[in-house]
Amino acid sequence: MRHIISVLLENEPGALSRVVGLFSQRNFNIESLTVAPTDDETLSRLTVTTVGDDRVVEQITKQLNKLIDVVKVVDLTEGEHIERELMMIKFKASGAFRAEVKRTADIFRGQIIDITPNTYTVQLVGSSAKLDAFIEALGTGSIMEVVRSGVSGIARGEKVLSL
Amino acid sequence: MELLSGGEMVVRALRDQGVKYIYGYPGGALLHVYDAIFRQDEVEHILVRHEQAATHMADAYARATGKAGVALVTSGPGATNAVTGIATAYMDSIPMVVITGQVPSHLIGEDAFQETDMIGISRPIVKHNFSVRHAEDIPEIIRKAFHIAETGRPGPVVIDIPKDMTNPTDRFPYVFPKHVKLRSYNPVTKGHSGQIKKAFDLLMSAKRPVIYAGGGVIMGEASEELTELAQALNYPVTNTLMGLGGYPGTDRQFVGMLGMHGSYEANMVMHHSDLILAIGARFDDRITNGVDKFCPTAKIIHIDVDPASISKTIRADVPIVGPAKAVLEEMLQLLKSSNKLPDAEAVKTWWAQIDEWRQRHGGRFRTDDSEKMKPQQVIEMLSKVTGGDAYICSDVGQHQMFAAQYYKFNKPNRWINSGGLGTMGFGLPAAMGVKMNFPDADVACVTGEGSIQMNIQELSTCSQYNIPVKIICLNNGSLGMVRQWQDMNYESRHSQSYMNSLPDFIKLAEAYGHVGIKVDKYSDLEAAMVKAFAMKDRLVFMDITVDPHEHVYPMQVPRGSMRDMWLSKTERT
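About the cut-offs
- Residues numbered from 1 in each chain as written.
- Chains lettered and ligands numbered in written order.
- Predicted model: local features only at pLDDT ≥ 70, side-chain atom pairs only at ≥ 80, totals over all residues.
- UniProt positions renumbered as here; feature names shortened; annotations may be inferred.
- Helix = DSSP H or I, 4+ residues; strand = E, 2+ residues; numbered from the N terminus.
- Pairing = 2+ DSSP bridges.
- pLDDT = per-residue confidence, 0-100.
- Core = buried A, V, L, I, M, F, W, Y, C linked by C-beta atoms within 7 Å.
- Buried ≥ 20, exposed ≤ 12 C-beta atoms within 10 Å, placed from the backbone.
- Contact = placed C-beta atoms within 7 Å.

If you look chain B up in an unreviewed UniProt entry, it shows as Acetolactate synthase from Neptunomonas antarctica. Under the Catalytic activity (unreviewed entry) heading, UniProt states for chain B: "2 pyruvate + H(+) = (2S)-2-acetolactate + CO2". Of chain B, the UniProt comment under Sequence similarities (unreviewed entry) reads exactly: "Belongs to the TPP enzyme family."

Identification of chain A as Acetolactate synthase small subunit from Neptunomonas antarctica is taken from an unreviewed UniProt entry. The UniProt entry for chain A carries the following comment under Catalytic activity (unreviewed entry): "2 pyruvate + H(+) = (2S)-2-acetolactate + CO2". Chain A has a UniProt comment under Function (unreviewed entry) that states "Catalyzes the conversion of 2 pyruvate molecules into acetolactate in the first common step of the biosynthetic pathway of the branched-amino acids such as leucine, isoleucine, and valine."

This is how it looks when you write it as structure tokens:
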């Protein structure tokens, strides 16, 4: 099962490599990884999506918690949560296909953020599944480049991940 | 306030931490620190002949005392030579602080002379590592390093210090912090009382219980509590390789070591038990054998200070996160205050079964008609000559298993071996580290002719500092454990498991200024060993010729259950 694990991490040199190293060292899988500073400049927030059974995910959270630089760990998928990913996707677009890209982008609430006579670049924000669906809707034939940010997530309601 | 350079702060902070010995080897990146060592006499530096030995000496000191040992090595090759020792300590959860030199900050990343990314290299084999970026942080970093190394589940910590951080002309106010606080590191100090109560109730209703205790009992200083609880309950106790000595080895309730080379009765007790009380043990592959067949009828209570060790390989029915000592103390309190008692009738029946297993196969080796000495006989003699009270520092291989099986450890911290990583070359430096700190104790290195050659250069260090350990070398002329596996699984094709051109160990010992004794016949063994241990101030190298055909038994059948064992070359359970 897919899990979104959020980690508050000391904003120290080398802290990220400890997390990434842990995943490869213990043969845990990483589907996506995002990391950036938070409002508290001493902390970074890292979000990792991974696939594993309950036993593996339990080990992942426990092993993450053991890292001295890790301040807090939460598996967002255990509760109600919102996930978002940003994608920028560049199409070879000419003739009738230009209109189709525009239409589909509108349906998915994407924006066209760059245009040339032969290309369209679309920005789309949503769950990973929505981004997948957009790619599928337009077919892979005319895609020139795909850039995805990886998943970020936040718990619904009053729950927060902070110190 | 006193102004000190970074180099001086390293040495002063170690002193303030209570460090007596640093084991190390100098080099370019550390010269400022070595100069600071020269200009004081409170912390003594022991110069090894290879950095690996420095880490093993520090590690063994920690195994014998529970306090973190200290190694000091230079950048580049000094640091990489220490890697095996760091990994050894990491696998066995041993507290250690390793200070590595680094090239000056402005050269980092430029492939400078003797540069290596020690933070990166050591990351998967340390509990934590620090890179010094401001010289004035050195005292606090050292304080934190010891705190992290020694608390919770212990482990090695590396401090990487670029040379410019120790510059003698840059001086800073020196303050050694009394306490350190890390917001992201708060190891538990007691177990969850509700869980302990639940475990206690299970314990009281068990019909076929067993206590399975590991290295966590030794490092967690819970040996007394374990012994008291086990004896109050009259339950059988088995120790892991790392846990030997955590429960008295000569006690009736002790069924021996468990696992791959565990005793017949220990493995039978585990397999047939209905309740396993696991304390400071981690159900590793050398214990469980095939996990899908592991102890099918047992419920499991698992006490460990590291939550990640619980339910990692075998799911616990009652997990208890906490230090072994505090949790066992709480269980003992419950035992005294509650009116529940163990099911004495069931336990009596259980003991009758255990005694029957003991008689059926008491784990004895057989002496055959040949003149050849059995390695087990040597260990039994060692146990006899030292009264079971020596520090036994082992290398890795058959001799290690024989020592674990046949030396009867009645006290914790006496059995010093590389259990997790299985590091050949560990034994001699380990014995040295122990002997330096316990000069009046008998300290033996049990080794083989293969392992001893992996750090034999340390015979020179022993001369320089007069470290009179006794080396008990079980010489079978082959890499015995490899050969055993080749006998059992590769139709005796002994690929690369024998060595010719072995040195004359007696002459070698003498060349370093030590005493060598060769023993070929069992009838000479006792007298020779008594003589060796009587030479209190001399290192004695006993080169003892043993039967090369001997195998370590019992041996679990791969991927079987715990009770599936070879008992000899021809018998199987």
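Student: Looking at this model, I keep getting lost on the UniProt feature "domain: ACT" (unreviewed entry) in chain A. Mind explaining?
Tutor: According to UniProt, the positions carrying the feature "domain: ACT" (unreviewed entry) are residues 4-78 of chain A. For residues 4-78 of chain A, helix accounts for 32% and strand for 37%, while the C-alpha atoms at its two ends are 9 Å apart.

Student: Even after reading the chapter, I still don't get the UniProt feature "domain: Thiamine pyrophosphate enzyme TPP-binding" (unreviewed entry) in chain B, so can you show me in this structure?
Tutor: With numbering aligned to this structure, UniProt lists the feature "domain: Thiamine pyrophosphate enzyme TPP-binding" (unreviewed entry) at residues 395-544 of chain B. For residues 395-544 of chain B, the end-to-end C-alpha separation is 15 Å, with 38% helix and 16% strand making up the annotated structure.

Student: Got a minute to help me understand the pairing of strand β2 (residues 32-37) of chain A in this structure?
Tutor: For a regular strand, side-chain orientation follows a simple rule: the groups alternate between the two sheet faces. Residue and element names in this part refer to chain A. Where β2 lies against strand β3 (residues 43-51), six bridges are found, and the strand directions are antiparallel. Each residue of the ladder has a partner; that of Thr34, found in β3, is Thr47. Here β2 folds back onto β3, and the loop between the two strands holds five residues.

Student: I tried to follow the UniProt feature "domain: Thiamine pyrophosphate enzyme N-terminal TPP-binding" (unreviewed entry) in chain B on my own but got confused; where do I start?
Tutor: Per the UniProt record, "domain: Thiamine pyrophosphate enzyme N-terminal TPP-binding" (unreviewed entry) is annotated on residues 5-118 of chain B. A helix fraction of 44% and a strand fraction of 19% characterise residues 5-118 of chain B, whose end C-alpha atoms lie 23 Å from each other.

Student: I keep staring at the confidence of the model for chain B and nothing clicks. Help me out?
Tutor: Low pLDDT marks stretches whose predicted atomic positions should not be read closely. With 99% of its residues at a pLDDT of 70 or more, chain B has an overall mean of 96. Here the predicted complex carries an ipTM of 0.93, next to a pTM of 0.96.

Student: Is there a simple way to think about the nonpolar core in this case?
Tutor: It is characteristic of soluble globular proteins that their nonpolar side chains tend to be buried jointly. With 201 residues, the main nonpolar core has B:Val97, B:Ile159, B:Cys393, B:Ala444, B:Ile472 and B:Met542 as its most contacted residues. For this core, the element with the highest residue contribution is helix α3 (residues 51-65) of chain B, accounting for eight residues. In this view, B:Cys393 contacts B:Ala60, B:Ile416, B:Gly427, B:Ala430, B:Ala431, B:Val434, B:Val443, B:Ala444 and B:Cys445; residues no more than four positions away in its chain are not counted. With twelve residues, the next largest nonpolar core counts A:Met87, A:Ala105, A:Leu124 and A:Leu138 among its residues.

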